[in-house]
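The primary structure of each chain is shown beneath.
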Amino acid sequence: QVQLVESGGGLVQPGGSLRLSCAASGFTFSSYGMSWYRQAPGKERELVASINTVDGTKYADSVKGRFTISRNNDKNTLYLQMNSLKPEDTAVYYCKATRTMPTRTDYWGQGTQVTVSS
């Protein structure tokens, strides 16, 4: 049974930091590209950062220089280190696993809430 379980969200003041984790099970984690998405109230879900063997790491312009995506294939875990958080970073954050071969397969986690507020 495939599972992606996010954790590490919470309430933080502007300028603060959080580290999100996404624990994967039920599939071969190292064979999948991984990414973080977020969705703020009333807005569409957007890509925050991705990591895979072909493209390396990529970031949305809004988080470049503040967020860092990483993965530990031995622990089947994806991370998102978020620094210098801003109120506009408030959203539910989701991790996603993607495989393109032999067929396109996507798995999503249930999300973790991040609220940046004073």
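Here the structure is shown first, and the text comes after it.
Position numbers for residues start from 1 in each chain and track the written sequence from start to end. Reporting in this predicted model follows two pLDDT cut-offs: at least 70 for local features of residues, and 80 or more for side-chain atom pairs to be given and counted; totals over whole chains, interfaces and linings ignore these cut-offs and use all residues. Hydrogens and water are ignored here; the side-chain numbers use all heavy atoms of the structure.

## Description of the overall build of the protein chain
- The helix and strand inventory of the protein chain stands at 0 helices and 11 strands.
- Segments assigned H or I by DSSP are reported as helices when at least four residues long, segments assigned E as strands when at least two residues long, and all are numbered from the N terminus. Listed by position from the N terminus, the elements making up the protein chain come as β-β-β-β-β-β-β-β-β-β-β.
- Compactness check: the protein chain gives a C-alpha radius of gyration of 14 Å against a globular reference of 13 Å for 118 residues, within 12% of the reference.
- In terms of its C-alpha atoms, the protein chain occupies a principal-axis envelope of roughly 45 × 30 × 25 Å.
- Think of it in three bands: with a 1.4 Å probe and only protein chains considered, a residue is buried below 20% of the maximum accessible area for its type, exposed above 50%, and partly exposed in between. Split into buried and exposed, the 118 residues of the protein chain put 42% on the buried side.
- Note on contacts: a residue pair is in contact if any heavy atoms of the two residues lie within 4.5 Å. For the protein chain, restricting intrachain contacts to residue pairs at least 6 apart in sequence, the fraction spanning at least 24 positions comes to 55%.
- Throughout, the Shrake-Rupley method with a 1.4 Å probe supplies accessible areas, and for residues the shown protein chains are the sole cover considered. Counting every atom, the protein chain has about 6400 Å² of accessible surface; 46% of that belongs to carbon and sulfur.
- Neither His nor the chain ends is counted toward charge; the positive residues are Lys and Arg and the negative residues Asp and Glu. Think of each charge as sitting on NZ of Lys, CZ of Arg, CG of Asp or CD of Glu. With 13 positive and 9 negative side-chain charges, the protein chain shows a spacing of 3 Å between the two charge centroids. Only C-alpha atoms enter the radius of gyration; for comparison, a globular chain is expected to reach 2.2 Å times N to the power 0.38, where N is the number of residues.

## Quick notes on the environment of Q113
- Topologically, Q113 is positioned in strand 11 (residues 112-116).
- Measuring from C-alpha to C-alpha, the distance between Q113 and N72 comes to 22 Å, with 41 residues separating the pair along the chain.
- Those residues in contact with Q113, other than ones at most four positions away along the chain, are G9, G10, T90, A91 and V92.

## Let's talk about the packing of aromatic side chains
- When the centres of two rings from Phe, Tyr and Trp lie within 6.5 Å, Trp using its six-membered ring, the rings pair. Their planes under 30 degrees apart give stacked, over 60 give edge-to-face, and anything left gives tilted. One pass over the structure, following the stated rule, counts 6 aromatic pairs.
- Taken together, the ring pairs in this structure connect F27, F29, Y32 and Y107 into an aromatic cluster.
- When the NZ atom of lysine or the CZ atom of arginine is within 6 Å of a ring's centre and also within 35 degrees of its normal, the charge is said to sit over that ring. The ring of Y94 carries R45 above its face, with NZ or CZ at 3.7 Å from the centroid.
- When the ring centre of W108 is taken as origin, the NZ or CZ atom of R45, which lies over that ring, is 4.7 Å away.

## As for the pattern of salt bridges
- In the sections that follow, a salt bridge refers to a side-chain nitrogen of Lys or Arg positioned within 4 Å of a carboxyl oxygen of Asp or Glu. Tallying each qualifying case throughout the model produces 5 salt bridges.
- Linking D61 and K64 is a salt bridge whose minimum nitrogen-to-oxygen distance equals 3.2 Å. Across this residue pair, the class does not change: D61 and K64 are exposed.
- For D106, the salt bridge is made with R104, and the minimal N-O distance between the two is 3.2 Å.

## Topic: the state of the cysteines
- When two cysteine sulfur atoms are found within 2.5 Å, that pair is recorded as a disulfide. Counted under the stated rule, the structure contains 1 disulfide.
- Here C22 connects covalently by a disulfide to C95, the sulfurs 2.0 Å from one another. The sign of the S-S torsion, about 50°, decides the handedness of the disulfide formed by C22 and C95: right-handed. Residue C22 is located in strand 3 (residues 18-25), and its partner C95 is located in strand 9 (residues 91-99); the two are separated by 73 residues in the primary sequence.
- You can call C22 buried: its relative accessible area is 0%.
- Classification of C95 as buried rests on a relative accessible area of 0%.

## Thoughts on the nonpolar core
- In this text, buried Ala, Val, Leu, Ile, Met, Phe, Trp, Tyr and Cys residues form a nonpolar core when linked through side-chain atoms within 4.5 Å. Grouped together as the largest cluster of nonpolar side chains are 29 residues, with contacts concentrated most on W36, L78, L80, M82 and Y93.
- Only strand 3, strand 4 (33-39), strand 5 (46-52), strand 7 (67-72), strand 8 (77-82), strand 9 and strand 11 provide two or more residues apiece to this core.

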